[in-house]
Amino acid sequence: MKKKTLGVGIIGGGFVARFHIRSWAGVRDADIMAIYDPDKKRAEEAAGIVRKLNVGAAKTYKSISDMVADPKIDAIWICAPNFARIEVMEEIVHALEAGKGDLSGVCCEKPLGRNVMEARRMLELVRKAKLLDGYLENQVFAPAVVRGRAIVWARGATLTGRPYLARASEEHSGPHMPWFWEGPLQGGGVLNDMMCHSVEVARFLLTPPGAPRGVLTAVKVSAYASCLKWQNPEYAKILRDQSGGKTDYLQRPAEDFARSLIEYKDEKGNVIVVETTTSWCYVGAGLRLSMELLGPEYALQINSLDAGLKVFFSRKVKGKAGEDLVEKQNAEVGLMPVVADEENEYGYQAEDRHMVQSFLKGVRPSENFDDGLNVTELLMAAYMSAEREKTLPFPPPGLANFVPAVAKGTWNPKKA
Ligand SMILES: NC(=O)c1ccc[n+]([C@@H]2O[C@H](COP(=O)([O-])OP(=O)(O)OC[C@H]3O[C@@H](n4cnc5c(N)ncnc54)[C@H](O)[C@@H]3O)[C@@H](O)[C@H]2O)c1
């Protein structure tokens, strides 16, 4: 008999794992039963949050293989850093091949890989192990995105023609952990870290509800990347100090600003455009996600900082720095927007619910490793275009083996 409740194990107990854990109260038919993190303290803390929120009886494990071998575990969410993708996935597959455990599916956080070779390898591994696969791109599950897209397509597009332009941007003041700042560990700078969201959510908005991603074909990519803030000596010093001297943005920066323009064609040959902007040098109230979808007689717009809830604190309220109002919060006084239900509004809750229900029904999630691979291909083409300062046809020759200079630690715009 098919299981009614999915036992989920999470690999990596850091920042994003906690978003998933907090979202779980709105996810039915699944319990978080396991956390694996090589940092035992982190694993224990994350398991403690699971138990406190009553979203599962999470235990910690000594290894990924032990977690996979536990019959209580039916599916795994990979929330480990980008540099550990392949080793984590290989260990899952080796454990299964050795007859330890029985999984129905694996989900993986964005990006699927640091380059096309890695993303392709992830896809090969899930196929080899005959697992269902979910690509964790939360923004395509965000209620405002899903509902806005449904309304615009049902009313505006049906009566006046399909949308032709989507803009998406994601900006904040910089990542919370040193590894994100290191090109070789993360796979790049902000282009790899955050443009993965923007290119996918824009593509999603431009795709008719219910249609496959194949209705749009990418034909051209042009992009620009630079290091606007963090290569300045006073900011480079902050990164050096935060990383115990390892991160050197004077010699080995990564881009903290990037934009891309992707031209698609639809089935009728119409030109469809995606424009994205991402930055780690936006100092506002906190994380700002914005999206627009434009068509002949209509427009949609979303800005996550246009929150319905705002609070005001006078200069006499001298509290501790925190992220209690909004992710990547930069201030605690003045008029501040509050994103009241971040896990839901950013899309984590609907994303996790969709993945769980897909695995329980034995069907492939709507957002899967093929989508993750396609996103990586677009990002790598964007890096190629930015490096060559040229608009490139998509896919450009050499994409399959391309590694951006920033991921090799050899990119330095100030030296160029
Ligand atoms: N969807 C989103 O908006 C979003 C937001 C943040 C992060 N992410 C993605 O989630 C992933 C994790 O990011 P994070 O912010 O949680 O990072 P983090 O550094 O806060 O946490 C990562 C955790 O993984 C653990 N870890 C390190 N090596 C590991 C290994 N080999 N196996 C298992 N665990 C290991 C670390 O000890 C740490 O606790 C990244 O791929 C990142 O791109 C997605």
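Before reading further, recall that the structure is shown in the block above.
Scope of this entry: the structure provided in the associated data block.

About the thresholds
Residues numbered from 1 in each chain as written. Predicted model: local features only at pLDDT ≥ 70, side-chain atom pairs only at ≥ 80, totals over all residues. Heavy atoms only, no water. Core = buried A, V, L, I, M, F, W, Y, C linked by side-chain atoms within 4.5 Å. Buried < 20%, exposed > 50% of the residue type's maximum accessible area, 1.4 Å probe, protein only. Contact = heavy atoms within 4.5 Å. Near = heavy atom within 4 Å. Polar contact = N/O pair within 3.5 Å; in protein donor to acceptor, adjacent residues only side chain to side chain. Areas by Shrake-Rupley, 256 points an atom, 1.4 Å probe, with all protein chains shown as cover. 1 Å grid on protein atoms, 1.4 Å probe; cavity = no way out; pocket = protein on both sides within 12 Å on 5 of 7 lines; lining within 4 Å. Sits in = over half its atoms within 2 Å of the grid points. Helix = DSSP H or I, 4+ residues; strand = E, 2+ residues; numbered from the N terminus. Nonpolar A, V, L, I, M, F, W, Y, C, P; charged D, E, K, R; others polar. Pairing = 2+ DSSP bridges. Axes fitted to C-alpha atoms, helices over the stretch in contact; angles between N-to-C directions.

**Side note on the nonpolar core**
So, point 1. With 134 residues, the main nonpolar core has I35, W77, I78 and I92 as its most contacted residues.
So, point 2. Residues contacting I92, with those up to four places away along its chain left out, are I11, I64, V68, I76, I78, L103 and V106.

**Here's the deal with the site of the ligand**
So, point 1. The ligand sits among 29 residues. The nearest are V16, D37, R42, N82 and R85.
So, point 2. W179 has a polar side-chain atom sitting 2.8 Å from an oxygen atom of the ligand.
So, point 3. About the coverage of the ligand: the protein hides 90% of its 840 Å² of free accessible area.
So, point 4. Placement of the ligand is best described as lying within the largest pocket.
So, point 5. If you list the elements that add at least two residues to the shell around the ligand, you get helix 1 (15–23), helix 4 (85–97) and helix 7 (178–181).
So, point 6. In terms of residue count, helix 4 provides more of the shell around the ligand than any other element does, three residues in total.
So, point 7. Of the residues contributing to the shell around the ligand, the split by class is 15 nonpolar, seven polar and seven charged.

**Brief notes about the sheet that holds strand 1 (residues 6–11)**
So, point 1. As summarised here, the arrangement of the six strands in space is 3-2-1-4-5-6, forming an open sheet in which the pairing is parallel. Because the sheet does not close on itself, it has two edges, and the strands there are strand 3 (59–60) and strand 6 (132–136).
So, point 2. Sheet strands touched by helix 4: strand 1, strand 4 (75–78) and strand 5 (105–109). Its angle to strand 4, the strand with the most contacts, is close to 170°.

Geometric descriptors of this kind do not, in isolation, establish any biological role.
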